[in-house]
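Report on the structure
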Amino acid sequence: MSPKAAPMKVVAKASDVIDVLAAEGALTPSEVAARVRMPRSSVYRLVDGLVAVGLVEPIADGRLRLSLRWLGLADAARRGLREWRHADEVLERLVEQTGQTSYLSLLVDERAVCIEWRRGRGVDVLAFKPGLSLPLSAGAAGRVMLAYGVDIDAYLARASLPRLTPYTVTDPVELKRQVALTRERGYALSHQDVSAGITAIGVPIFGPNRVFASACVSIGGLSRAFGDDPERFAPALRAAADQLGASMLTD
Amino acid sequence: MEMVDKVEAIVSYLALVGESTVSAVAQHVDEPVSSVYRLLSSLVRVGWVSAGTRRGLYRLGLFFLRVGVQVENGIDIRERALPALRRAVEETGQTAFLCVRHDLRAVCIERVAGGDVRSLALWVGGTLPLVIGGAPRALLAYLPEEEVRDVVERSTAEKFAEAIPADARAIRVNLEAVRTSGVSVSEGDVTPGVAAVGAPVFNHRGEVQAALSVSGVRENILGERRSAVIESVRSCASEASRALGWQGEVVR
């Protein structure tokens, strides 16, 4: 199977339509057509097809949005990641031990993608929004990926370093320094470089044969809860990483 | 559109079985292996499908994880619960509320007026301690066990503007009763002469996300129409839950 061959046009366009609705919430059919740059008649036909199979739904004011089916499909996709089938237990235990929201992130297309999380104690529905995916230059998981699984020079040659907060690293030299520090300490610290007032600490996960699994387990929460010594959480994180690594299926 | 039907069939099948070979997929969607192979290649290219845990196996890709989180983050609880709130007002003639948790308190994020609202304390943006009232206690009762313990302990130690019960154990016994009946019934513990009935609203994972309640003068809530009011709140809260993707299972 050649993943480099261009996808079939309908698949590519359907994916674009879903992407646009996921990003913007609800759009009229003509807004969708404008964003995916397809003739209106083709978009309407495609959208009708997506509505007919329950992936998109029309709402009262004539706009379209993604159906709740996508929630179940995300859960199914998560279940399909069988090598991480124990993630929820391990993350739950980490929450119990640290009180902080805990995350499992994977390296996907040079971004850190959070695939499982457990809410920390006392974290409200209103405040809690797990990160979707982040550039490798921001957040604890990204620096773990850079320290253990990515050629930093090749990455810096390709990637731009976006600024998410005033603390986000945008200087390649500084990023390299932080990556080296991560490798030295065995953990990555993120202090307000993704969201104001939020600190995170993450460690790498090694699978069978001590190979880096392109994965990171981390905890994150209010900076004041982490105080002066966030590294006090490192042992609990290491234990969680060991459990996750040990339970991975071998190929 | 035929192609979309085929894609959806493949996606549904992989969602069901976790991972599969090309030929098993082809058999299930009743298409030739070669065209399924071609379709899977395209789906891999856009991240909808990825390689499975062993060679020759395919499974749903990370695209679905990303979109799932975006959809979940985009859900406006107020908007989704509004039809249920309106029905509660219609059926009971009383004012309906939707509350979410904020630390030790419940925040009212929506309110649909019915009947006589003069005596009702809670407005949108207003809050009550989680340990009293209709909606707040319905919310609290379905939080995970440790969180309930934590909230009750901290609440009894806290100095609230409102009067709350002093006995932590009594509060927890009360919450147990809420879980048994599925509703919380509040009588005069917020405002004398005012009663409320609340029920939990769950998200698609079965976790409590909010609570729906109706409130009014005691006679209108707990008088002759008591069981009808309770039933309406239960039913409307379930409707609000389904509007969030709830499938029926409760997880604490």
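Our subject is the structure that appears above.
Summarised in this report is the structure supplied together with it. (Residues numbered from 1 in each chain as written. Chains lettered and ligands numbered in written order. Predicted model: local features only at pLDDT ≥ 70, side-chain atom pairs only at ≥ 80, totals over all residues. Heavy atoms only, no water.)

Let's talk about the interface of chain A and chain B
Listed per partner, the contact involves 56 residues of chain A and 57 residues of chain B. In total, about 5100 Å² of surface goes out of reach between chain A and chain B, with carbon and sulfur atoms giving 67% of it. On the surface where chain A and chain B come into contact, there are seven salt bridges. The shortest N-O distance in the salt bridge between A:E83 and B:R59 comes to 2.9 Å. Linking chain A to chain B there are ten residue pairs in polar contact (both at pLDDT 80 or more). The set of elements that each furnish at least two residues to the side of chain A that touches chain B consists of α1 (9–24), α3 (40–52), β3 (64–66), α4 (69–80) and β5 (111–118) of chain A. The element best represented in the side of chain A that touches chain B is α4(A), accounting for eleven residues. Residue classes in the side of chain A that touches chain B are distributed as 33 nonpolar, six polar and 17 charged. (Contact = heavy atoms within 4.5 Å. Buried area = accessible area lost by both parts, 1.4 Å probe. Salt bridge = Lys/Arg side-chain N within 4 Å of Asp/Glu carboxyl O. Polar contact = N/O pair within 3.5 Å; in protein donor to acceptor, adjacent residues only side chain to side chain. Helix = DSSP H or I, 4+ residues; strand = E, 2+ residues; numbered from the N terminus. Nonpolar A, V, L, I, M, F, W, Y, C, P; charged D, E, K, R; others polar.)

Focus on helix α8 (residues 168–181) of chain B
Residue and element names in this part refer to chain B. Under the 1.5 Å per step criterion, the end-to-end length of α8 is 20 Å for 14 residues, consistent within 8% with the ideal 20 Å. Buried residues belonging to α8 abut α6 (135–141), α7 (145–157) and β7 (184–187). With its phi angle positive at about 85 degrees, G182 sits one or two positions after the end of α8. (Expected span 1.5 Å × (residues − 1).)

With respect to the state of the cysteines
According to the stated counting rule, one finds zero disulfides over all chains in the structure shown. Cysteine A:C114 shares no disulfide, and the gap to the nearest cysteine sulfur, in A:C216, comes to 9.9 Å. (Disulfide = S-S within 2.5 Å.)

Focus: the sheet that holds strand β5 (residues 105–112) of chain B
Residue and element names in this part refer to chain B. Read across the sheet, six strands follow the order β6-β5-β4-β9-β8-β7 without closing on themselves; strand pairing throughout is antiparallel. Two strands bound the open sheet, and with one partner strand each, they are β6 (127–129) and β7. Strand-to-strand twist of the sheet, defined as the mean angle between neighbouring strand axes without regard to direction, takes the value 30 degrees. Note that β5 and β6 share three bridges and pair antiparallel. When the sheet's bridge partners are listed, R105 is paired in β6 with P129. (Pairing = 2+ DSSP bridges. Axes fitted to C-alpha atoms, helices over the stretch in contact; angles between N-to-C directions.)

Things to note about the packing of aromatic side chains
Under the defined criterion, the tally for this structure stands at twelve aromatic pairs over all chains. Centroid distance A:W70 to B:F63: 6.3 Å. Interplanar angle 65 degrees. Geometry classified as edge-to-face. Of this pair, A:W70 sits in helix α4 while B:F63 sits in helix α4 (residues 63–74), each in a different chain. Both rings, one in B:W48 and one in B:F64, keep their centres 5.6 Å apart while their planes meet at 70 degrees; by these two values the pair is edge-to-face. Of this pair, B:W48 sits in the loop between α3 (33–45) and β2 (49–51) while B:F64 sits in helix α4, placing them 16 residues apart in sequence. (Phe/Tyr/Trp six-rings, centres within 6.5 Å; stacked < 30°, edge-to-face > 60°.)

Digging into the nonpolar core
Soluble globular proteins tend to bury their nonpolar side chains together. A:W70, A:W84, A:V217, B:W48 and B:L212 are the most contacted members of the largest nonpolar core, which has 112 residues in total. In this structure A:W84 touches A:L104, A:L106, A:I115, A:I205, A:A213, A:A215, A:L244 and A:M248, once residues within four positions along its chain are discounted. Core analysis: the next-biggest nonpolar cluster, separate from the first, contains 30 residues, B:L122, B:A138, B:Y142 and B:V194 among them. (Core = buried A, V, L, I, M, F, W, Y, C linked by side-chain atoms within 4.5 Å. Buried < 20%, exposed > 50% of the residue type's maximum accessible area, 1.4 Å probe, protein only.)

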